[in-house]
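Letter by letter, the chains look like this.
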Amino acid sequence: MPHLLRFSRDIESRLERLAQRTGKSKGELIERCLALGMHDLESQLLLEEAVSAPLTIDGPALDQLLRESGLGA
């Protein structure tokens, strides 16, 4: 699905230079840049989500496990 992207003059000139140096199309470079950026963004957002999620413990309490194992009082 095509998307219209507008870049600053600096980004556009850097992209053009890189395309000329590597022989790759600007489209290929943009797609690669987005793929790398998406990977980093997904990792960061999933980490933030995991850190902010409330900690839930569904198993038995530690003192109950110790009593049942014979190690606790």
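Residues numbered from 1 in each chain as written. Predicted model: local features only at pLDDT ≥ 70, side-chain atom pairs only at ≥ 80, totals over all residues. Heavy atoms only, no water.

1. Notes on the overall build of the protein chain
Point 1. Tallying secondary structure elements over the protein chain gives 3 helices and 0 strands in all.
Point 2. For the protein chain, whose C-alpha radius of gyration is 25 Å, the value lies well above the compact-globule estimate of 11 Å for 73 residues.
Point 3. The principal-axis extent of the C-alpha atoms belonging to the protein chain is close to 75 × 25 × 25 Å.
Point 4. Counting across all 73 residues of the protein chain, residues that qualify as buried make up 4%.
Point 5. Looking at the protein chain as shown, the accessible area adds up to about 7000 Å², and 59% of this sits on carbon and sulfur atoms.
Point 6. A gap of 16 Å separates the mean positions of the 9 positive and 12 negative side-chain charges of the protein chain. (Helix = DSSP H or I, 4+ residues; strand = E, 2+ residues; numbered from the N terminus. Rg over C-alpha atoms; globule rule 2.2 N^0.38 Å. Buried < 20%, exposed > 50% of the residue type's maximum accessible area, 1.4 Å probe, protein only. Areas by Shrake-Rupley, 256 points an atom, 1.4 Å probe, with all protein chains shown as cover. Lys, Arg positive; Asp, Glu negative; His and termini not counted. Charge placed at Lys NZ, Arg CZ, Asp CG, Glu CD.)

2. So, the confidence of the model for the protein chain
Point 1. In this model, the protein chain carries a mean pLDDT of 90, and residues with pLDDT of at least 70 account for 99%.
Point 2. The lowest-confidence element of the protein chain is helix H3 (residues 62-69), averaging 85 in pLDDT; the highest-confidence one is helix H1 (residues 9-22), averaging 97. (pLDDT = per-residue confidence, 0-100.)

3. So, the pattern of salt bridges
Point 1. Scanning the entire structure with this criterion turns up 4 salt bridges.
Point 2. A salt bridge links Arg14 to Asp10, with the nearest nitrogen and oxygen atoms 3.8 Å apart. You can see Arg14 and its partner Asp10 sitting in helix H1, 4 residues apart, about one turn around the helix.
Point 3. We classify Arg14 as partly exposed; its relative accessible area is 48%.
Point 4. Taking the shortest distance from any N to any O, the salt bridge between Lys26 and Glu12 comes out at 2.5 Å. (Salt bridge = Lys/Arg side-chain N within 4 Å of Asp/Glu carboxyl O.)

4. A look at the environment of Lys26
Point 1. Checked against the element boundaries, Lys26 lands in helix H2 (residues 26-52).
Point 2. Spatially, the C-alpha atom of Lys26 lies 57 Å from that of Pro60, the residues being 34 residues apart in sequence.
Point 3. Residues in contact with Lys26, not counting those within four places in the same chain, are Glu12, Leu15, Glu16 and Ala19.
Point 4. A polar contact is formed between the side chain of Lys26 and the side chain of Glu16, at a distance of 3.4 Å. (Contact = heavy atoms within 4.5 Å. Polar contact = N/O pair within 3.5 Å; in protein donor to acceptor, adjacent residues only side chain to side chain.)

5. A look at the environment of Asp63
Point 1. Relative to the assigned elements, Asp63 resides in helix H3.
Point 2. Considered as a pair, Asp63 and Leu5 are 58 residues apart in the sequence and their alpha carbons are 59 Å apart.

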